[in-house]
Amino acid sequence: MTALSVSRVPSRHLPVVATFALFVLTFGAGSVSFDNFASGQVFANLFIDNAHLIVLAVGMTFVILTGGIDLSVGSVLALSTMIAAAGVKAGWPVPLVIVVVLLTGSVLGLLMGLMIHKFDVQPFIVTLAGMFLARGLCFVISIESISIKDKSYRALGMDRIALGGGVSITNNVLIAVVVLVVAMYVLHLTRFGRTVYALGGSEPSARLMGLKVGFTKVGVYVVSGFCSSLAGLVFSFYTASGYGLHAVGMELEAIAAVVIGGTLLAGGAGYVLGSVVGALVLGTIQTIISFDGTLNSWWTKIVIGALLLAFIVLHRLIVRRTAT
Amino acid sequence: MNRLWWPLGALVALLVLNVVVTPSFFSLRMQDGHLYGSVIDILKNGAPTLLIALGMTLVIATRGIDLSVGAVVAIAAAVTCSYIAGSDDQGGASTALVGMAISLGLCLVLGLWNGFLVAVLKIQPIVATLVLMTAGRGIAMLITDGQIITVNNETYRAVGAGFVLLPLAILISVAVLAIVAVVTRKTALGLLIEAVGVNPEASRLAGVQSRTIIWTVYVFAALCAGVAGLMISSNVSAADANNAGLWIEMDAILAVVIGGTSLAGGRYSLTGTLLGALVIQTLTTTVYTAGIAPEVTLVFKAVVVVIVILFQSPKVQSLFRRRRPAVPAPVAVDLTPQEVAR
């Protein structure tokens, strides 16, 4: 209920504005501190290196908007890289590999969604089981890392698209942008999207309004599962390998990106664009740390934790202020 | 008692399966005054999980969850091993004791931090503990400087690998289980924890210090995780910030859920948690002895969780109840802690 009242006041924009400011601030800090940081290619690399995280964060935004959570995304990503690598190795045609991977993720999402809705189990515990299952299935396929040697598959990840001015991007960036645009369309211009927000605002109200609660509740997990497997494909283009230990803890980064992006964890309020900027903030922190060279990369985790805390407290304050 | 049939049945089934595969499964032998055997191994390897699951049980009883225990395990291991490795007297007993004391002191602070976020700032537990779960492993990496720190200290080694007839690790976790059982049964603490889990606001109005209770359970959970961290790292005489306690929070939650404690809070069963932890460890051992890669255990765990949560879900429960109307639905608030602990 508090989330609904938030959506009526202008302060609902506050977290998203804060996220944009944070991004400008971190990128600016990098530009001031390091030569060559404020270049088009460094900015493009943010998208190239974090395309998989952006796709995951978009899927996660749907789930969190309904007030749920999906802990399985990192494992499903890993499973997808594994299926892709094993499939390519077994000589399957590339389009078939892609279809199988996307189907696997969507079906896993569907099963989790059905358990959550039909049996009324907490999303957290169901997706935890999904996380175990996907991670374990990776190791059923192979304990070792499988490298992808197929030339046409590798080309999907290696090919550069020149944007002019010496800046180039990869297919992964295009995929991430398409996912973002489609997600924005679905969330803001379709019945499904409106139901997602309504569900997060108040499930009983959404039910009383006659909205398709069950369909939407299951649907967001299918969306998240699909995005996770797509992110797995993107990741396998990026690394040209499948490995069961890829993306350990990535679910937390995705949740962090969504929360830093201004989406309320209670559901009902938030924007998918915010999540993407959230993912870019995380990417910028990583870039700054790698530019610096003396800082240890594990500072990334600590900074992410601190940012997560700051935004959670910010949300808390906003909800409390509008509730009273 | 009804709720304990499921985990008990699962445990018995697993044990029978093991005996069929390896007939010598239950045999114990004495060597240098220590007991050895498969069952002892299961208990020893399951000790850290049981310890963390005990803390988790009380947290879940207050309708919370603690995702940060794995990170706390890594931090506890990192602090102790760094202290021992950096001291002048690396093999000394006092060095090990001081190192462990510092580490547990830090865990206490981490527990206070989690408790502060949940009890004072009133942030959802899953989110509040997510912060430490994310940052904690980074902190542990920072302490160990990204290296796996190995130590050579007999006193420290005793915590995880030592024996007094039985492995010390088993004795420690059973002692903690006994203490928790006595404290929650013989005092009102168990009842208060349940009251907070049923309705924090109502119990506060009824005069229960719900804030203090919530704070206490998070501190207890962090301390349990700290001791488990010492056990895990002492067993291998090393601190691995990346892998120590990885996914152990999931195992602990799993043990609690298998043990019949409802994630909705308000009632809990310590015996159930003990059974749950044993089921998980026996499952892991069974998969391992069957020659399946240990990583694949995750699949079996996932299947077990799915089955258990489906049976726990209100829909299936009401299905059972409809068939047997003679059995009244358990009402959480009517249970005394004595009944629950049984």
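Predicted model, so just to flag it, every value in this text is computed and none were measured.

## A word on the overall build of chain A
Then comes step 1: Counting its secondary structure elements, chain A contains 14 helices and 4 strands.
Then comes step 2: Scaling as 2.2 N^0.38, a compact globule of 324 residues should have a C-alpha radius of gyration of about 20 Å, and chain A matches this with 19 Å.
Then comes step 3: A sequence separation of at least 24 residues applies to 77% of the contacts in chain A between residues at least 6 apart.
Then comes step 4: For chain A, the accessible surface area stands at approximately 12900 Å², while carbon and sulfur atoms represent 68% of it.
Then comes step 5: Looking at charge distribution, chain A has the averaged site of its 18 positive side-chain charges lying 12 Å from that of its 11 negative ones.

## Brief notes about the overall build of chain B
Then comes step 1: Counting its secondary structure elements, chain B contains 15 helices and 6 strands.
Then comes step 2: Taking 2.2 N^0.38 as the reference for a compact globule, 342 residues should give roughly 20 Å; the C-alpha atoms of chain B span a radius of gyration of 20 Å, in line with that estimate.
Then comes step 3: By principal-axis analysis of the C-alpha atoms, chain B measures approximately 65 × 55 × 35 Å.
Then comes step 4: Within chain B, the proportion of its 342 residues that are buried is 52%.
Then comes step 5: Contacts in chain B between residues at least 24 apart in sequence constitute 78% of all its contacts with a sequence separation of at least 6.
Then comes step 6: Distance between charge centroids for chain B: 17 Å, based on 19 positive and 15 negative side chains.

## Digging into the nonpolar core
Then comes step 1: Ranked by internal contacts, the top residues of the largest apolar core, which has 199 residues, are A:F124, A:I125, A:Y153 and B:I253.
Then comes step 2: With 17 residues, helix α3 (residues 40-65) of chain A is the largest single contributor of residues to this core.

## What to know about the side chain of B:K44
Residues and elements named next belong to chain B.
Then comes step 1: As for its position among the elements, K44 is in helix α2 (residues 38-61).
Then comes step 2: Here K44 sits buried without a salt bridge, and the closest side chain of opposite charge, D41, lies 6.2 Å off (N-O distance).
Then comes step 3: Within polar-contact distance, the side chain of K44 engages the side chain of N235 at 3.4 Å.
Then comes step 4: In this structure, K44 is in contact with G160, A161, P167, I170 and N235, ignoring residues within four places of it in sequence.

## What about the interface of chain B and chain A?
Then comes step 1: Each partner contributes residues to the interface: chain B has 46 residues there, and chain A has 41 residues.
Then comes step 2: Buried surface at the junction of chain B and chain A, both sides included, amounts to about 3800 Å², of which 84% is carbon and sulfur.
Then comes step 3: Here chain B and chain A share 0 salt bridges between them.
Then comes step 4: For the pair chain B and chain A, the interface holds 0 residue pairs in polar contact (both at pLDDT 80 or more).

## Looking at the confidence of the model for chain B
Residue and element names in this part refer to chain B.
Then comes step 1: In the predicted model, chain B carries a mean pLDDT of 87, and 93% of its residues have values of at least 70.
Then comes step 2: Per-residue pLDDT stays below 50 along residues 326-342; that stretch engages in 26 contacts with residues further than four places along the chain or on separate chains.
Then comes step 3: Note on the complex model: pTM 0.86, ipTM 0.79.

## Brief notes about the UniProt feature "transmembrane region" (unreviewed entry) in chain A
Then comes step 1: What UniProt calls "transmembrane region" (unreviewed entry) maps, in this numbering, to residues 54-80, 92-116, 122-141, 161-187, 218-240, 252-278 and 298-319 of chain A.
Then comes step 2: In residues 54-80 of chain A, helix accounts for 74% and strand for 0%; the two terminal C-alpha atoms are 16 Å from one another.

## Digging into the layout of surface pockets
In this approach, a probe sized like a water molecule rolls over the atoms, and the result shows the empty space that is left.
Then comes step 1: Considered as a void within the structure, the second largest pocket measures approximately 1400 Å³ in volume.
Then comes step 2: Around the second largest pocket, the lining is made up of 41 residues, and of these B:N45, B:L246, B:D251, B:Q281 and B:T284 lie nearest the centre.
Then comes step 3: For the lining of the second largest pocket, the elements supplying multiple residues, two or more each, are α6 (123-141) of chain A together with α2, α10 (210-236), β6 (238-239), α11 (248-258), α12 (270-289) and α13 (297-312) of chain B.
Then comes step 4: Here the lining of the second largest pocket is built from residues that sort into 19 nonpolar, 16 polar and 6 charged.

## A few points about unusual backbone geometry
Then comes step 1: Of note in this structure, A:D120 is not a glycine but carries a positive phi near 60°.
Then comes step 2: Relative to the assigned elements, A:D120 resides in the loop between α5 (94-118) and α6.
Then comes step 3: With a phi close to 65°, B:W247 is a non-glycine residue in the positive phi region.
Then comes step 4: Residue class for B:W247 comes out buried when judged on its relative accessible area of 17%.

## Quick notes on the pattern of salt bridges
Two side chains with opposite charge may pair up if their charged atoms get near one another.
Residues and elements named next belong to chain A.
Then comes step 1: In the structure shown here, the tally under the stated rule is 4 salt bridges over all chains.
Then comes step 2: Of the charged contacts in the structure, one is a salt bridge between E203 and K217, with a shortest N-O distance of 3.4 Å. With a gap of 14 residues between them, E203 in helix α10 (residues 203-208) and K217 in helix α11 (residues 213-239) connect regions that are remote in the sequence.
Then comes step 3: The class for K217 is buried, based on a relative accessible area of 14%.

## A short note on the pairing of strand β2 (residues 160-164) of chain A
Residues and elements named next belong to chain A.
Then comes step 1: Relative to strand β3 (residues 167-170), β2 runs antiparallel, the two being bridged by 4 bridges. Bridged to A162 within β3 is S168.
Then comes step 2: Connecting β2 to the next strand, β3, in antiparallel fashion are 2 residues, including G165 with a positive phi near 70°.

## Considerations on the packing of helix α4 (residues 73-89) of chain A against α6(A)
All names here are of chain A.
Then comes step 1: One way to put it is that α4 packs onto α6 with a least axis distance of 8 Å and a crossing angle of 25°. Classified by the angle between their axes, α4 and α6 sit roughly parallel to one another. Considering how the two elements wind past one another, α4 and α6 form a crossing that is left-handed. Here α4 contributes G74, S75, V76, A78, L79, M82, I83 and A86 to the contact with α6, which in turn contributes M131, A134, R135, L137, C138 and I141.
Then comes step 2: For the contact of α4 with α6, a count of residues per class yields 11 nonpolar, 2 polar and 1 charged.

## Brief notes about helix α9 (residues 191-201) of chain A
Then comes step 1: Taken across its 11 residues, α9(A) has 9 buried, putting it largely inside the fold.
Then comes step 2: Restricting attention to buried positions, one finds in α9(A) the residues A:F192, A:G193, A:T195, A:V196, A:Y197, A:A198, A:L199, A:G200 and A:G201.

## Structural notes on the packing of aromatic side chains
Residues and elements named next belong to chain A.
Then comes step 1: One pass over the structure, following the stated rule, counts 14 aromatic pairs over all chains.
Then comes step 2: Taking the centre distance of 4.9 Å and the plane angle of 70° together, the rings of F37 and F291 count as edge-to-face. Taken together, the residues F37 in the loop between α2 (14-33) and α3 and F291 in helix α13 (residues 272-292) connect sequence positions 254 residues apart.
Then comes step 3: Residue classification places F37 among the buried positions, given a relative accessible area of 0%.
Then comes step 4: Seen from the ring of F215, K212 lies directly overhead, with NZ or CZ sitting 5.4 Å from the centre.

Basis of the calculations
- Throughout, residues of each chain are indexed from 1 in the direction in which the sequence is written.
- Written order determines the labels here, with chains lettered from A and ligands numbered from 1.
- Local features are withheld for residues below a pLDDT of 70 in this predicted model, meaning they are given only at 70 or higher, and side-chain atom pairs are given and counted only at 80 or more; totals for whole chains, interfaces and linings count all residues.
- Heavy atoms throughout the structure, all of them, feed into the side-chain values; hydrogens and water do not.
- Strands here are runs of E lasting at least two residues and helices are runs of H or I lasting at least four, both read from the DSSP assignment and numbered beginning at the N terminus.
- With C-alpha atoms as the basis for the radius of gyration, the globule rule is written as 2.2 Å multiplied by the number of residues raised to the power 0.38.
- Should any heavy atoms of two residues lie within 4.5 Å, those residues are counted as being in contact.
- A 1.4 Å probe and the Shrake-Rupley method give the accessible areas. Residues count as covered only by the protein chains that appear here.
- Positive charges come from Lys and Arg alone, negative charges from Asp and Glu alone, with His and the N- and C-terminal ends not counted.
- Throughout, a charge is located at the NZ atom of Lys, the CZ atom of Arg, the CG atom of Asp or the CD atom of Glu.
- Only protein chains enter the accessibility calculation, which uses a 1.4 Å probe; a residue whose area is less than 20% of its type maximum is buried, one above 50% is exposed, and one in between is partly exposed.
- For the purposes of this section, nonpolar cores are sets of buried Ala, Val, Leu, Ile, Met, Phe, Trp, Tyr and Cys residues that join through side-chain atoms within 4.5 Å.
- Whenever a carboxyl oxygen of Asp or Glu lies within 4 Å of a side-chain nitrogen of Lys or Arg, that contact is scored as a salt bridge.
- Pairs of N or O atoms are called polar contacts if they sit within 3.5 Å, as long as, within protein, a hydrogen donor faces a hydrogen acceptor (for residues adjacent in sequence, only side-chain-to-side-chain pairs).
- When two parts are put together, the accessible area they lose, computed with a 1.4 Å probe and summed over both, is reported as buried area.
- For every residue, the pLDDT score states the predictor's confidence, bounded by 0 at the bottom and 100 at the top.
- UniProt positions are given in the numbering used here, feature names are shortened, and annotations may be inferred rather than shown by experiment.
- Throughout, the protein atoms alone are placed on a 1 Å grid, and a set of points is a cavity if a 1.4 Å probe fits but cannot get out or a pocket if it is open with protein on both sides within 12 Å along at least five of seven lines; lining residues have an atom within 4 Å of a point.
- Grid points are joined across faces, edges and corners, and a volume is the space filled by probe spheres set on the points.
- Asp, Glu, Lys and Arg are counted as charged, while Ala, Val, Leu, Ile, Met, Phe, Trp, Tyr, Cys and Pro are counted as nonpolar; the rest, among them Gly, fall into the polar class.
- A pair of strands is labelled paired if DSSP reports no fewer than 2 bridges between them.
- Note on geometry: axes are lines fitted to C-alpha atoms, helical ones only across the stretch in contact, with angles between N-to-C directions running from 0 to 180 degrees.
- Our angle categories are set so that under 35 degrees counts as roughly parallel, over 145 as roughly antiparallel, 65 to 115 as roughly perpendicular, and the remainder as oblique.
- The hand of a helix crossing depends on one turn: near helix anticlockwise from the far one by less than a right angle means left-handed, and clockwise means right-handed.
- In summary, the pairing rule links any two rings of Phe, Tyr or Trp, Trp by its six-membered ring, whose centres are within 6.5 Å, and it sorts them by plane angle into stacked for under 30 degrees, edge-to-face for over 60 and tilted for everything else.
- Both a distance and an angle decide whether a charge sits over a ring: NZ of Lys or CZ of Arg must be within 6 Å of the ring centre and within 35 degrees of the ring normal.

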